[in-house]
Amino acid sequence: MQCGVLGPVEVRVGGVPVDLGGPRQQLIVAGLLFHAGQVVTVADLVELVWDEDPPATARNQIQTVVYRLRKLLGPAGSLQTDPAGYRMVIPAGGLDLSRFRTALAQARAADGEAAAAFYREALDEWRGVPFAGLPGSVVGRWRDALVELRWAATEEWADTLVRVGRHREVVEVVAPLVAGDPLRERLVGALMAALHREGRQAEALQLFQRTVVALREELGVDPGPQLRELHLEVLRGVAQAPAGRVNVLPRAVTQLRGREQETGRLLRAVRGGHRVVVVDGMAGVGKSAFAVSVAEALREEYPGAQLFVDLQGHSEGAPVAPVDALGLLLAQLCEVPQRVPDDLAGRQVLWRRALTGHRAVVVVLDNVAGAEQVRPLLPPVDAVCVVLVTSRTRIGPVDGAFPLSLEPLPVGDAVSVLRDAIGDRVDAEPDAAAEVVELCGRLPLAVRLIAHRLQHRPRWSVSAMAERLRAADPPPIAVSAEGHSVAAAFDVSYRQLSALEQRCFRLLGLHPAGEFEVWPAAALAEVPVPVVRDLLDRLVEVHLLQEDQPGRYRLHDLLREFAGTLVTAAERPAAMERLLDYYLHSAAMVNVYLEMRPETAPRFPSDAFTRPFAGDRDGLAWMRAAWPALVALADEAHRIGAHRHPVLLHRVLWRFANNEARSEIAERLGQQAIASARALGDDELIAMACRWHAGTMLRLCRPAESIEHLREAAARYAAAGLRAGLAAIEVNLGVVCRAAGRLREGIEHARTAIALSEETGDHTTRLTALAELGSTHMLLGELAEARLALRESVIGMRRLGATMQLASSTAEFGRAHLAQGHPRVAFLLLRRAHRAYADYGSVAGSAEMLSSMGRAHAVLGDLDAALRCQLEAIEEVRDLPDRFFEATIRNDLGATLTLLDRTGEAITEYERALLLTARTGQRFEQARAHTGIADALRRTGRDDTGQRAEAHAVFLECGLSEQAAARAAGLTRVVSVP
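Residues numbered from 1 in each chain as written. Predicted model: local features only at pLDDT ≥ 70, side-chain atom pairs only at ≥ 80, totals over all residues. Heavy atoms only, no water.

For the rest of this paragraph, the subject is the nonpolar core. Note that soluble globular proteins tend to have their nonpolar side chains buried in a common cluster. In this structure, Leu418, Phe490, Phe505, Leu508, Leu536 and Tyr583 are the most contacted members of the largest nonpolar core, which totals 180 residues. When residues no more than four places from it in sequence are discounted, the contact partners of Leu508 are Phe516, Ala521, Leu524, Leu536, Leu539, Leu545 and Leu555. With 73 residues, the next largest nonpolar core counts Val11, Ala58, Val66 and Phe131 among its residues. (Core = buried A, V, L, I, M, F, W, Y, C linked by side-chain atoms within 4.5 Å. Buried < 20%, exposed > 50% of the residue type's maximum accessible area, 1.4 Å probe, protein only. Contact = heavy atoms within 4.5 Å.)

Printed below as a string of structure tokens:
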């Protein structure tokens, strides 16, 4: 099937035109083709056909037209129905608009004759006015956008023809276009340039005058700066440069990929008056190729000469002295050697005179060591000259210079570099190609070296290379070709540092994450923060380090790999221990705020080296930003056998991981912590690791594993004689049993914890156990007992100032009030707990409170507020990696939907809760879901006995009395509307 919109809308099937019928049918086809491959909603089609005045039968009419179109297009048509609307799928190359856009993109990515050919290919797709003859404001907007895009392509094509010297063709094609639209300055400029280079200066000047008149009369403006500059060039009689003009720029072996934005910025700077541009960036980022490419782009504007000197500022030998650089430049301008003085001052005079004598010159000073190399080579004020400087260092100030830093390539452009070398092997494995360039750090030098290796191994797949690089076999920095490697390029920069700078740089290679602040660098280098800040600034200046934001440093992946190879065996262990201690102590400070029971958090020396925090929120923000480094360091500590750190890092990171629902990572950290604790043979550390890992197992809904780890922790605490630890374990066992629906067991564990904590004088554990006891009594329907225990817990926690444990107890106390029919008091308590959890950064806790607040709203009769709270709660937990709270919230939401008579949606929520509880083992919530379905069924007059019987049986299994189970299952009451 072939389709067209760049003219009258047409569809051909098997080469035969399809009669699309009247304007309405053609409009719908136009909309589907304009958005080919995308879903177009019925509402969009209605607006397209009728603008803002559709008839009542609009949707039916759309469906009728789509039905007819399917019959017209037959089996070859790919008109698909989607829940949101309709989609037209066109075979590759089957739509003129797609072919136009593809060719235009190829033209903009190419240069020279190749670009000109692609532009011609794009413009040949046009058959006239887009959507010719079709009415309506929507299609009118599309038409205007496409016509403007065609003009842009035509202007770019004309500029390209001028650059490649096809001036006569420009005159033939562009002159009629300018006659039809004399206000298009860019086309006028292309035509003026072509006439000028054809020796037709009088016609070029006449064209300029006509354009001035047209712009002033139609728009009241004068021509833009580019057109005025071109006018001056014609007036000066600057003819096209002769064929033998000086051009010593290095010839590019391959096309420069990417850098369109950087090129545009640089060209705008030059055309805006900057005569010196300084391009800096790390080794291998492509500075030289970029500068040469820009110099080539300026050839038409600076036709006199294109000069190039490598000043060897970052090479094996000594940098080129300014006097020698001037000798090379003068030789390129064909100065007679006998006329060139030996001294710097004499050569400067001759150089400035030579530049003034040439029409317009571009000079590339590559690989500069510093500003002192550049200043003697700058042109005089009256010379028409642009100097492009490249350096690995951010060189000192040069008057009037425009600075531009190059970063590694975007992934797509880096893949294009790979494609240039190995062709369609890249297209056959696009994901592997993207991985290869990422492993190369998107550094052009590294990508080209890998491409060179693949070129000489035609049977290797790109996936095989990716696998080798992942395994560092060899690492990208070590891959070489003809003596060049990334490591060698980096090494030159490294050897130009002072001894202290070198030590700082190589030790940064031990940092496991790409980003860090000044404090871990100070810990690694073992120097004061002010000193290390100066060292980091120096590394930023020489592009061995990046500072994307003030105080936030980043080491490129390949530079980190290179730095790591330089660390000596003698300095590595001590540096790693300093780094581990810094992160452990800093995380422990934040964890004190996060802890339910701060007094049980690990204690470290008061003079331990840490990052200063402005407050609790600053600490939480740091923990989130440092999380990748903290996890990577725990992994590394376990790998190298620094066993104390994995245990303590797991302990101080657990609460944060729990709050942020990062349980899957916490699981790995817990397993490593237990293994490291066992390697140390320390019963207390083993108990600690097992206890906190049990909490992760509960959040991952694996209660049997949680109980297993808690029992081992209890045994280890008993072996170590730590009875206070046994009380805490009993509380944890009570929590697990409650979650698993083993409520009577949970009661016994809570009572045991109370007895043990009274024996040891541990008031916080006793209050925590009381809260757990009250929560379990509440599920059992024993509300008086629940309220007494929770009230004592809340009062005690408030006296102790245990902020987060108070929030937990307050939340349970609020639910108890709700169960006893005191919704206003319940809402106040729940809202207070919600604020604490939100401040605490606990996403899951905040969502759980929102859901409970919704239940209180529902009892108070505000069902809309209840629904808002519970929908917000669902959104908060939807993307959490663990599903521990989701079943509870969906059950709450189902109850509200039932009261709103949205029983179908309610049953859906309850069924989702049932699916979740089947996976999580939350038996009490399973029973609630069955009860909820029964309530929804009864609301609509359907049979609910089966669901209530199922709920009743599960409530009994959970330990509820017969009366309480019957009441919870709704066997003794009927749901009423508040």
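Looking now at the confidence of the model for the protein. Overall, the predicted model of the protein reaches an average pLDDT of 86, with 93% of residues at or above 70. Low confidence marks residues 974–978, where pLDDT is under 50. Its contacts with residues over four positions away, or in another chain, come to twelve contacts. (pLDDT = per-residue confidence, 0-100.)

Right, let's talk about the pattern of salt bridges for a bit. Summed over all chains, the structure comprises 55 salt bridges. The closest approach of N and O atoms between Arg538 and Glu501, which form a salt bridge, is 3.8 Å. Here Arg538 is found in helix H24 (residues 529–541), whereas its partner Glu501 is found in helix H22 (residues 499–508), with 37 residues between them in sequence. For Arg702, the salt bridge identified is with Glu705, shortest N-O distance 2.9 Å. For Arg702, a relative accessible area of 27% translates into the label partly exposed. Look at Glu705 and you get partly exposed, because its relative accessible area is 31%. Salt bridges linked by common partners bring Glu515, Glu517, Arg552, Arg611 and Asp618 together as one network. (Salt bridge = Lys/Arg side-chain N within 4 Å of Asp/Glu carboxyl O. Helix = DSSP H or I, 4+ residues; strand = E, 2+ residues; numbered from the N terminus.)

This model, assessed by the stated rule, comprises 17 aromatic pairs. A ring pair is formed by Phe34 and Phe131, whose centres lie 6.0 Å apart and whose planes are at 70°; its orientation type is edge-to-face. With Phe34 in helix H1 (residues 23–34) and Phe131 in the loop between helix H5 (112–123) and helix H6 (137–163), this residue pair connects regions lying 97 residues apart in the sequence. Here Phe34 matches Phe131 in class, with each residue buried. Here the aromatic residues Tyr582, Tyr583, Phe609, Phe613 and Trp622 are joined through ring pairs into a cluster of three or more. In this structure, Arg101 is placed above the aromatic ring of Phe34, and the distance from its NZ or CZ to the ring centre is 5.9 Å. Sitting over the ring of Trp157, Arg120 keeps its end group 4.9 Å from the ring centre. (Phe/Tyr/Trp six-rings, centres within 6.5 Å; stacked < 30°, edge-to-face > 60°. Lys NZ or Arg CZ within 6 Å of the ring centre and 35° of its normal.)

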